[in-house]
Amino acid sequence: MDPARVMFVNHTSTVSGAELILADAVQPWAGATAFLFEDGPLNRALAARGLTVTRARRGGNLAALRRDSSPLRAAPLAARLAALTGEVAACARRHDVVYANSQKAFVLAALATTVVRRPLIWHLHDILDADHFGVLQRRLQVTLANARAAAVVVPSTAAARAFVAAGGSARIVRVVANGLDVTPDPRSRPVLRRDLGLPQALLVGVFSRLAHWKGQHVLLSALAGLPGVHALVAGAPLFGEDAYLRELEAQAVALGIADRVHFLGQRDDVPLLMQAVDAVVHPSIHPEPFGRTLVEAMLGGTPVVATRTGAAAEILEEGRAGLLVPPSDPAALVAALSGLLADPAAAAGQVAHARDRARTHYGVARMRGEIAALIGAVARGERP
Ligand code: UDP
């Protein structure tokens, strides 16, 4: 049987975690179509993986619609959305399966595939709870998912639970943990720091896009209680949270730690930077659906301190593969980091265990295989 003709749909072409996962997941589907609402780095990444990239004629600026916009605020866009849905439907007609990789893509694809009667998979990269989404948005998404999705792929049991708690049907949810590959660099930490131009000091780092819920401000508060420790803050405000960057810079000045906080902006060498620091901090204040950065640190051999929210506890095996602290608690973070930085040898066993765990459970090949099998099953009309 010929491989299924798959159409991948994503609303944004800015590359954050969900798009990095998509770029890795599509590997077995060279020749498939990627239908994107705008131009950007994702278009180039997917074209480089052999996909035919189609850019919507009426998709521009849809990404600027905020996650928490009410449907009413979006009403003036209705005509454009209808036209865009028509474009998605016309493209879907030429495919066997539609795979929506973002919420906005899923909503339009749900409507479009109803018209052209194609099966639909939704890769839900979010925690569908009140911390992240308004009630109307959650209701719209679970209603469409229950009515239209042959399968909803989520990256963790935390994300699966949130989907079901929001009213999503447990029957259609499939947990496919995100997968990553990192080859550790052979250079020692001091050599990496020298080569990367980083300070030769006790060094911790946070590696996420800048957004209040990612909790970079909690790390800065903790840093005030960790004399002599420097922090790398890698990442940019990818989705319009520029004010948060200014708040962080002002916070560093107000706390008198500006000389110890290094804002690096968006980087494409995060796994290397992580290997140069003594600890990777993952300070999210709301539940994370996954946390690629946790696995990148685990694979690279750097100890992790994360907040006990969302998927972190399952990825870090309830604390056996990394330290867990309560969210929004700088004092707890100070205590965890002081212990870790004072006795790095003590963390060595945990780091080795974390690397094994990441290789076993969170590799790319496994993720690709699971997603390809699911797409194949849906294309054959099977209920996965
Ligand atoms: N990242 C990056 N450059 C940066 C900061 C982060 O490439 O400057 C990457 C990071 O290495 C990780 C991804 O962005 O692979 C973030 O994924 P995660 O699941 O942690 O969070 P998301 O952005 O999906 O909420």
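Details of the structure are given in the entry above.
A brief look at the structure comes next. (Residues numbered from 1 in each chain as written. Predicted model: local features only at pLDDT ≥ 70, side-chain atom pairs only at ≥ 80, totals over all residues. Heavy atoms only, no water.)

Digging into the overall build of the chain
Next, step 1: Along its length, the chain carries 15 helices and 13 strands.
Next, step 2: Taken against the 2.2 N^0.38 rule, which gives 21 Å for 384 residues, the C-alpha radius of gyration of the chain at 21 Å falls within 12% of a compact globule.
Next, step 3: With 384 residues in all, the chain has 55% of them scored as buried.
Next, step 4: Put simply, of all contacts in the chain between residues at least 6 apart along the chain, 68% involve residues at least 24 apart.
Next, step 5: As presented, the chain carries roughly 15600 Å² of accessible surface, and 56% of it is formed by carbon and sulfur atoms.
Next, step 6: Averaging the locations of the 40 positively and 32 negatively charged side chains of the chain gives two centres separated by 8 Å. (Helix = DSSP H or I, 4+ residues; strand = E, 2+ residues; numbered from the N terminus. Rg over C-alpha atoms; globule rule 2.2 N^0.38 Å. Buried < 20%, exposed > 50% of the residue type's maximum accessible area, 1.4 Å probe, protein only. Contact = heavy atoms within 4.5 Å. Areas by Shrake-Rupley, 256 points an atom, 1.4 Å probe, with all protein chains shown as cover. Lys, Arg positive; Asp, Glu negative; His and termini not counted. Charge placed at Lys NZ, Arg CZ, Asp CG, Glu CD.)

Let's talk about the sheet that holds strand E8 (residues 203-207)
Next, step 1: The parallel open sheet is built from 6 strands, whose spatial order is E10-E9-E8-E11-E12-E13. The sheet terminates laterally at strand E10 (261-265) and strand E13 (323-325), the two strands that pair on one side only. Between one strand and the next, the sheet's axes are offset by a mean angle of 25 degrees, whatever the strand orientation.
Next, step 2: In this sheet, E10 lies alongside strand E9 (residues 230-234) in parallel orientation, the contact comprising 4 bridges. Residue pairing for E10: Leu232 is matched across the bridge by His262. (Pairing = 2+ DSSP bridges. Axes fitted to C-alpha atoms, helices over the stretch in contact; angles between N-to-C directions.)

Remarks on the sheet that holds strand E3 (residues 52-55)
Next, step 1: Pairing is parallel across the open sheet formed by 7 strands, whose spatial order is E3-E2-E1-E4-E5-E6-E7. Among the strands making up the open sheet, the edge pair consists of E3 and strand E7 (173-175). Taking the axes of each pair of neighbouring strands and ignoring which way they run, one obtains an average angle of 25 degrees across the sheet.
Next, step 2: Sheet topology note: the strand E4 (residues 97-100)/strand E5 (residues 120-123) ladder contains 3 bridges and is parallel. Within E5, the residue paired with Ala100 across the bridge is Trp122.
Next, step 3: Packed on one face of the sheet, helix H15 (residues 364-379) meets strand E1 (6-10), E4, E5, strand E6 (149-154) and E7 and runs near 140 degrees to E4.

Considering the pattern of salt bridges
Next, step 1: Taken as a whole, this structure holds 14 salt bridges when the rule is applied.
Next, step 2: Between Arg58 and Glu87 there is a salt bridge; the shortest N-O distance is 3.3 Å. Here Arg58 is found in the loop between E3 and helix H3 (78-92), whereas its partner Glu87 is found in helix H3, with 29 residues between them in sequence.
Next, step 3: Residue class for Arg58 comes out partly exposed when judged on its relative accessible area of 34%. (Salt bridge = Lys/Arg side-chain N within 4 Å of Asp/Glu carboxyl O.)

Some points on helix H1 (residues 17-25)
Next, step 1: Here H1 lies mainly inside the structure; 7 of its 9 residues are buried.
Next, step 2: Restricting attention to buried positions, one finds in H1 the residues Ala18, Glu19, Ile21, Leu22, Ala23, Asp24 and Ala25.
Next, step 3: Turning to H1, the residues buried within the fold contact E1, helix H2 (41-48), E5, helix H11 (292-300) and H15.

Focus on the nonpolar core
Next, step 1: Among the nonpolar cores identified, the biggest contains 72 residues, and Phe106, Val152 and Phe163 are the most heavily contacted of them.
Next, step 2: If near-sequence neighbours (up to four positions away) are discounted, Phe106 is found in contact with Ala100, Leu120, Trp122, Gln141, Leu144, Ala145 and Ala149.
Next, step 3: One finds Val204, Leu219, Ala222 and Leu248 within the second-largest nonpolar core, a separate group that totals 32 residues. (Core = buried A, V, L, I, M, F, W, Y, C linked by side-chain atoms within 4.5 Å.)

A look at the site of the ligand
Next, step 1: Looking at the ligand, there are 18 residues lining it, with Gly17, Lys214, Arg267, Arg292 and Glu296 nearest.
Next, step 2: Lys214 is positioned such that a nitrogen or oxygen atom in its side chain is 2.7 Å from an oxygen atom of the ligand.
Next, step 3: The backbone of Thr293 places a nitrogen or oxygen atom 3.4 Å from an oxygen atom of the ligand.
Next, step 4: Considered on its own, the ligand offers 550 Å² of accessible surface; in the complex 88% of this is hidden by protein.
Next, step 5: Elements with a minimum of two residues in the shell around the ligand: H1 and H11.
Next, step 6: Here the residues of the shell around the ligand sort into 5 nonpolar, 8 polar and 5 charged. (Near = heavy atom within 4 Å. Polar contact = N/O pair within 3.5 Å; in protein donor to acceptor, adjacent residues only side chain to side chain. Nonpolar A, V, L, I, M, F, W, Y, C, P; charged D, E, K, R; others polar.)

Some thoughts on the environment of Val325
Next, step 1: Mapped onto the secondary structure, Val325 falls in strand E13.
Next, step 2: What makes Val325 buried here is its relative accessible area of 8%.
Next, step 3: When the C-alpha atoms of Val325 and Ala335 are compared, they prove to be 9.4 Å apart, with 10 residues separating the residues in sequence.
Next, step 4: Once you skip the residues sitting within four places of it in the chain, Val325 turns out to touch Val305, Ala306, Thr307, Arg308, Ala332, Leu333 and Ala336.

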